[in-house]
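Below are the chains, spelled out letter by letter.
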Amino acid sequence: MKRLLSNLIFSGLAGAALIAAAGSALAQTAWVLPSAYPPANYHVQNLSQFASDVDAATKGALKINIHPNASLFKAPDIKRAVQTGQAQAGEVLISLHENENPVFGIDVVPFLATSFDQSKKLWAASRPAIEKALDAQGLKLLYTTPWPPQGIFTKKDVNGVADLKGLKWRAYNVGTSRIAEIVGAQPVTVQAAELPQALATGVVNGLMTSSATGVDSKIWESLTHYYDTQAWIPKNVVFVNKAAFAALDPAVQKAVTDAAAAAETRGWGLGAEKTAAYMETLKKNGMQVVEPSADLKKGLGEVGAKLTEDWLKKAGADGAAILDAYKKM
Ligand code: PCA
């Protein structure tokens, strides 16, 4: 390449611009981006599109290699891996980190934001605080995308919360464990990548998650009912190690933030659009998709009120201010 450059210079073709172009094409950076979800999941498809948008916009100067399905780091370890620079970027379910900062758990407060429209507003209200908290941990927020609303999967009829008692309840974060405690089920923390096996071996027989994760884990092979309770809309966030971002050329940085903005818009669209299709897939595979009874709704409302109280206690005045801002939107 050196010879090629000098040939260009001697041939008189190379102005400063040409050398600069050749230089940046040479400076190729590769990022590793772990995700905990399977390749067919729309979050991961969105990530792949994001990576190929960055590749195209930077003419290959920044390659982002996605490692899905918790193949590189387990779900709860991804954030730390990016903070410590073991991975340059990552995707996480932000509520996994509620213990670090209550604002990371605002989207899993039950019945606070249950439609995509409400969830978008809650994101607008909470984004500055979340962005600031991540920044203080050495992370730059790139974008966020929603999961479908959360419902209950079981192998039996559930007419009220009393029917959840004694279930081996799969939890994925603090809130879902707490629900188990309140209803008298046994919480077992299992991340999505291990869920198919936990279901197949009977380690769990009840859980709250989305239709998306139900389909990803072929849940009909073990369970029979899905109660569409629309209890909350959790979100994934994608972030990058601040030092890794700072090391990029300004033009490459812009390509990343532009592609991230496009991924955020696309991801919210995908979440809404795929929800109906995932429900159809559950039905097609024999799941009973059920509207929760008034009794179940009432019981879950009471469970939700307890979790809201817990959250408000932890989140203090800052949390209350975000909730106020959200309610005014
Ligand atoms: N699926 C992920 C998180 C939320 C969701 O809908 C899971 O069950 O782990």
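Remember, it's a predicted structure, so these values are computed and weren't measured experimentally.

What counts and what doesn't
- Residues numbered from 1 in each chain as written.
- Predicted model: local features only at pLDDT ≥ 70, side-chain atom pairs only at ≥ 80, totals over all residues.
- Heavy atoms only, no water.
- Axes fitted to C-alpha atoms, helices over the stretch in contact; angles between N-to-C directions.
- Helix = DSSP H or I, 4+ residues; strand = E, 2+ residues; numbered from the N terminus.
- Parallel < 35°, antiparallel > 145°, perpendicular 65-115°, else oblique.
- Left-handed = near helix turned anticlockwise from the far one by under 90°.
- Contact = heavy atoms within 4.5 Å.
- Near = heavy atom within 4 Å.
- Polar contact = N/O pair within 3.5 Å; in protein donor to acceptor, adjacent residues only side chain to side chain.
- Areas by Shrake-Rupley, 256 points an atom, 1.4 Å probe, with all protein chains shown as cover.
- Nonpolar A, V, L, I, M, F, W, Y, C, P; charged D, E, K, R; others polar.
- Salt bridge = Lys/Arg side-chain N within 4 Å of Asp/Glu carboxyl O.
- Buried < 20%, exposed > 50% of the residue type's maximum accessible area, 1.4 Å probe, protein only.
- Pairing = 2+ DSSP bridges.
- Core = buried A, V, L, I, M, F, W, Y, C linked by side-chain atoms within 4.5 Å.

Trainee: Any details on the packing of helix H5 (residues 116-136) against helix H11 (residues 294-327)? Residues and values, ideally.
Mentor: Running from amino to carboxyl end, H5 crosses H11 at an angle of 140°, the nearest separation of the two axes being 9 Å. Comparing the axis directions of H5 and H11 gives the class oblique. Like other packed secondary-structure pairs, H5 and H11 cross with a definite hand, here right-handed. Along the contact surface, H5 presents Gln 118, Lys 121, Leu 122, Ala 125, Ser 126 and Ala 129, while H11 presents Ile 322, Ala 325 and Tyr 326.

Trainee: So, the site of the ligand: which residues are in play, and what are the values?
Mentor: Contacts to the ligand come from Leu 93, Trp 147, Gln 150, Arg 170, Tyr 172, Ala 192, Thr 209, Ser 210, Thr 213 and Pro 234. Arg 170 has a polar side-chain atom sitting 2.8 Å from an oxygen atom of the ligand. Ser 210 is positioned such that a nitrogen or oxygen atom in its side chain is 2.6 Å from an oxygen atom of the ligand. If the ligand stood free it would expose 260 Å²; the protein chains cover 100% of that surface. Looking at side-chain class alone, the shell around the ligand contains 5 nonpolar, 4 polar and 1 charged residues.

Trainee: Tell me about the pattern of salt bridges, and name the residues and values.
Mentor: Inspection of every chain in the model, using the stated rule, returns 15 salt bridges. Two residues, Lys 242 and Asp 135, come together in a salt bridge whose shortest N-O distance is 3.1 Å. Remark: Asp 135 occurs in helix H5 and Lys 242 occurs in helix H9 (residues 242-246); sequence separation between them is 107 residues. A salt bridge links Lys 297 to Glu 291; the nearest nitrogen and oxygen atoms lie 3.8 Å apart. Taking relative accessible area as the criterion, Glu 291 reaches 55% and is therefore assigned exposed. Through salt bridges with shared partners, a single network forms among Arg 127, Glu 131 and Glu 264.

Trainee: Break down the pairing of strand S8 (residues 206-210) for me, with residues and values.
Mentor: Sheet faces and side chains relate simply in a regular strand, where the side chains alternate between the two faces. In terms of burial, S8 is a largely internal element, 5 of the 5 residues being buried. In this structure, strand S5 (residues 150-154) lies alongside S8, joined through 4 bridges in antiparallel fashion. When the bridges of S8 are listed, Ile 152 appears paired with Met 208. Examined bridge by bridge, strand S6 (residues 168-171) and S8 share 2 bridges and lie parallel to one another. Its bridge partner being in S8, Arg 170 is matched across the sheet by Leu 207.

Trainee: Which residues make up the nonpolar core, and what are the values?
Mentor: The biggest cluster of nonpolar side chains holds 75 residues, and the ones touching the most others in it are Leu 134, Phe 153, Trp 169, Ile 179 and Ile 219. When residues in this core are grouped by element, the largest group, 9 residues, is from H11. Core analysis: the second largest hydrophobic core is formed by 22 residues, Leu 62, Val 238, Ala 260 and Ala 263 among them.

Trainee: How would you summarise unusual backbone geometry if you had to cite specific residues and measurements?
Mentor: Within the chain, Lys 59 stands out as a residue other than glycine whose phi angle is a positive 50°. Taking relative accessible area as the criterion, Lys 59 reaches 74% and is therefore assigned exposed. At Ala 70, a position not held by glycine, the phi torsion is positive, near 55°. Tracing the backbone through its elements, the reader meets Ala 70 in the loop between strand S2 (62-67) and helix H4 (78-83). For Ala 70, a relative accessible area of 16% gives the class buried.

Trainee: For the sheet that holds strand S9 (residues 225-227), give the residues involved together with the corresponding values.
Mentor: Spatially, S7-S6-S8-S5-S9-S11 is the arrangement adopted by the 6 strands of the open sheet, whose pairing is mixed. Where the open sheet ends on each side, the last strands, each with one partner, are strand S7 (186-189) and strand S11 (288-290). Pairwise comparison of adjacent strand axes, ignoring direction, gives a mean angle of 30° for this sheet. In terms of strand pairing, S6 meets S7 through 4 bridges, oriented parallel. Along S7, the bridge assignment pairs Ala 171 with Thr 189. Helix H10 (residues 250-284) rests against S5, S9 and S11 of the sheet, and its axis sits at about 135° to S11.

Trainee: Before we move on, can you summarise the side chain of Asn 241 with the specific residues and values?
Mentor: When you line up the elements, Asn 241 lands in strand S10 (residues 235-241). A polar side-chain atom of Asn 241 sits 2.8 Å from the main-chain carbonyl oxygen of Val 82. In contact with Asn 241, other than residues within four places in its own chain, are Val 82, Gln 83, Gly 85, Gln 88, Gly 138 and Leu 139.

Trainee: Report on the sheet that holds strand S4 (residues 139-146), specifying residues and quantitative values.
Mentor: Spatially, 3 strands are ordered S3-S10-S4 in an open sheet, and the strand pairing comes out antiparallel. Single-partner strands in this sheet number two, and they are strand S3 (89-93) and S4. Across this sheet, the average inter-strand angle for adjacent strands is 25°, counted without regard to direction. Bridge analysis of S4 against S10 gives 7 bridges, and the strand direction is antiparallel. Bridging across to S10, Pro 146 finds its partner in Lys 235. Docked against the sheet, H5 engages S4 and S10, running at close to 165° with respect to S4.

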